[in-house]
Amino acid sequence: MAGEIQVNSVTALTESGSNIVLNNVNSATNRTNLGLGSMATQNANAVALTGGSITGTTIVPTTPFSFRNRIINGNLSNPINQRGAASITASTGYTYDRWYYDGSTYLYQGIENKNVNNGTYVISWEGSGINAAWKVSTDTTANNGPDATTGFTSVSNGGTFTVNEGTEYSKHLWIRFDGTLANLDKVMVEEGTVATPFEHRSISVELILCQRYYQTLSHMLAICSSSTSAQAVGMFPTSMRSAPEVGASGVLNIQGDGSINANQSVVSVSNNNSTNNSLNVSCGNFSGLVQSRALYIAVDAGNSNRLILNAEL
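This is a predicted model, so every value here is computed, not measured. Residue positions within a chain follow its written sequence, with the count starting from 1. This being a predicted model, a pLDDT of at least 70 is required before a residue's local features are given, and a value of 80 or more before pairs of side-chain atoms are given or counted; all residues contribute to the totals for chains, interfaces and linings. Excluded from the side-chain calculation are hydrogens and water; included are all heavy atoms of the structure.

J.: Explanation requested: the overall build of the chain in the structure shown.
T.: The secondary structure content of the chain amounts to 2 helices and 21 strands. Accessibility here uses a 1.4 Å probe with only protein chains present; expressed as a share of the type maximum, an area under 20% marks a residue as buried, one over 50% as exposed, and anything in between as partly exposed. Scored against the burial criterion, the 313 residues of the chain give a buried share of 39%. Counting contacts in the chain only where the partners sit at least 6 residues apart, residues at least 24 apart contribute 69% of the total. All accessible areas in this document rest on Shrake-Rupley with a 1.4 Å probe, and a residue is counted as covered only by the protein chains that are shown. Surface accessibility of the chain: about 16,400 Å² in total, with carbon and sulfur atoms responsible for 48%. Strands here mean DSSP runs of E at least two residues long; helices mean DSSP runs of H or I at least four residues long; both are numbered from the N terminus. Should any heavy atoms of two residues lie within 4.5 Å, those residues are considered in contact.

Structure below.
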């Protein structure tokens, strides 16, 4: 056909003067001589590269390179542990940050609905003797794990599952583990169908992600409202999922002007008017305070007790 050259079964090149000579040999030899390797025989939409590099090309991933993992605090051999739990199964309730233990069998993490879009997810972990399951649900009670422990579907290590809700971002995604929980480590839940290596985020980033759900405060401003109580106010270092429950790890210390240094006789934190990013609570059971005086509450120099903020699922 005019304007076309068809070359069949010519697979070796030699140079003769200023000309290139094609020699009739087999295809494998030709690819080797041309330096093409096996890539020349692969489909354009499924090319695998081993070694070498690509320059001058924009690569657009179908899933993000960073922040792939929807699990927070999945590096359980070096966890964020603001509560100071002895282990991930030390007690009923939240132990290591974001992990809820039912006290007997199951360990849960809830992925907040705002981070759960429709699509296929793949789960992976390290550790033997572990079983996993998943479900999506609308939960109305905070700080207690999933409202219902039924309705979970098993999934294998490296297995996939699909979230397809009529209203996207309307339900939390719960991941459940059981078995030899002390072996569990490097937990990943990511979009896609193939598990990738565990994503190691920096410890500072991981802490900020955890503080959306739980954090502790010290050295907060407190305005004395009477001789026995003070109003603690201030901004949170990280905005929280919702206006938190506010408590204390023990009796709080208040001081700051050189003349007042007092501890609560009994823990008292009430009249919680806090928002998701600011503190506003009344702390009582002090003595010797002076109305309208500005002090600091939860002072480490007085004792190690702190205000506790909880906005967990």
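J.: Please clarify how the pairing of strand β14 (residues 230–235) should be interpreted in this entry.
T.: Strand residues, when the strand is regular, have side chains that alternate between the two faces of the sheet. Judged from the 4 bridges that link them, strand β13 (residues 220–224) and β14 form a sheet pairing that is antiparallel. The partner of Ile223 across the bridge, within β14, is Gln231. Following DSSP output, two strands are said to pair if at least two bridges run between them. Linking β13 to β14, which pair antiparallel, is a turn of 5 residues. Both β14 and strand β19 (residues 278–283) contribute to a ladder of 6 bridges, which runs antiparallel. Of the residues in β19, the one forming a bridge with Val233 is Asn280.

J.: What should I look at first to understand the packing of aromatic side chains in this one?
T.: One pair of aromatic rings is described through two measures. These are the centre distance and the angle between the planes. Here a pair means two rings of Phe, Tyr or Trp (six-membered ring of Trp) with centres within 6.5 Å. Their orientation is stacked below 30 degrees between planes, edge-to-face above 60, and tilted elsewhere. Following the criterion strictly, the structure yields 8 aromatic pairs and no others. Look at Trp125 and Phe177: their rings are 5.6 Å apart centre to centre, the planes differ by 80 degrees, and that puts the pair in the edge-to-face class. Taken together, the positions of Trp125 in strand β6 (residues 119–126) and Phe177 in strand β10 (residues 172–179) put the pair 52 residues apart, joining distant regions of the chain. Of the residues examined, Trp125 reaches a relative accessible area of 8% and is grouped as buried. Put simply, the rings of Tyr106, Tyr108, Phe152 and Trp174 pair up and form one aromatic cluster. Lysine NZ or arginine CZ positioned within 6 Å of the ring centre and within 35 degrees of the ring normal marks a charge as sitting over the ring. For Arg98, the ring lying beneath its charged end belongs to Tyr213, and the centroid distance is 3.8 Å. Positioned above the aromatic ring of Phe152 is the side chain of Arg176, whose terminal nitrogen or guanidinium carbon lies 4.7 Å from the ring centre.

J.: Mind showing me how you'd approach the nonpolar core here?
T.: It is characteristic of soluble globular proteins that their nonpolar side chains tend to be buried jointly. Note on terminology: a nonpolar core comprises buried Ala, Val, Leu, Ile, Met, Phe, Trp, Tyr and Cys residues joined through side-chain atoms within 4.5 Å. Counting residues in each nonpolar core, the largest one holds 26 residues, and the members touching the most others are Trp99, Ile123, Phe161, Ile175, Phe177 and Val189. Broken down by secondary-structure element, the contributors of at least two residues to this core are β5 (107–111), β6, β7 (130–137), β9 (160–163), β10 and β11 (185–191). In this structure, Met220, Ile254, Ile297 and Ala298 belong to the second largest nonpolar core, which totals 24 residues.

J.: So what exactly am I meant to see when it comes to the sheet that holds β10 here?
T.: Two strands in a sheet stick together by hydrogen bonds in their backbones, pointing the same way (parallel) or opposite ways (antiparallel). Read across the open sheet, the 6 strands follow the order β3-β4-β5-β10-β7-β8; overall the sheet is antiparallel. The open sheet terminates on both sides in strands that have one partner only, identified here as β3 (93–94) and β8 (153–155). Here strand β4 (residues 100–101) pairs with β5 via 2 bridges, running antiparallel. Residue pairing in the sheet places Tyr100 in a bridge with Tyr108 of β5.

J.: It is not clear to me how the sheet that holds strand β21 (residues 307–310) should be interpreted in this structure. Could you clarify?
T.: Taken together, 3 strands build an open sheet; the order of strands is β12-β21-β15 and the sheet is antiparallel. Edge positions in the open sheet fall to β12 (214–217) and β15 (245–248), since each of these has one partner strand only. Averaged over all neighbouring strand pairs, the angle between strand axes comes to 25 degrees, with direction disregarded. Orientation is described by axes fitted as lines to C-alpha atoms, over the contacting stretch for helices, and by angles from 0 to 180 degrees between their N-to-C directions.

J.: Help me out: how do you make sense of the pattern of salt bridges in this one?
T.: Two side chains carrying opposite charge are able to pair once their charged atoms lie near each other. Here, a salt bridge means any Lys or Arg side-chain nitrogen found within 4 Å of an Asp or Glu carboxyl oxygen. Applying the stated criterion across every chain, the model contains 10 salt bridges. Its salt-bridge partner being Glu190, residue Arg68 comes within 3.5 Å of it at the nearest N-O pair. One end of the pair, Arg68, is in the loop between α1 (27–34) and β3; the other, Glu190, is in strand β11, and 122 residues separate them in sequence. Classification of Glu190 by relative accessible area gives buried; the value is 2%. Ionic pairing is found between Arg201 and Glu206, a salt bridge with its closest N-O pair at 2.9 Å.

J.: Hey, could you run me through the environment of Gln215 in this one?
T.: By the secondary structure assignment, Gln215 is in strand β12. Given the relative accessible area of 0%, Gln215 is considered buried. In this structure, the C-alpha to C-alpha distance between Gln215 and Arg306, residues 91 residues apart in sequence, is 9.8 Å. Apart from the residues lying within four places of it in its own chain, the contact partners of Gln215 are Gln82, Phe236, Pro237, Thr238, Met240, Leu307, Ile308 and Leu309. At 3.0 Å, the side chain of Gln215 forms a polar contact with the backbone oxygen of Thr238. Pairs of N or O atoms are called polar contacts if they sit within 3.5 Å, as long as, within protein, a hydrogen donor faces a hydrogen acceptor (for residues adjacent in sequence, only side-chain-to-side-chain pairs).

J.: Sorry, what's going on with unusual backbone geometry here?
T.: A positive phi angle is found at Phe67, which is not glycine, with a value near 55 degrees. For Phe67, the position within the fold is in the loop between α1 and β3. Positive phi, close to 50 degrees, is recorded for His219, a residue that is not glycine. Along the chain, His219 turns up in the loop between β12 and β13.

J.: What should I look at first to understand the pairing of β21 in this one?
T.: For β12 and β21, the ladder comprises 4 bridges, and the chain directions are antiparallel. Considered in β21, the bridge of Thr216 is made with Ile308.

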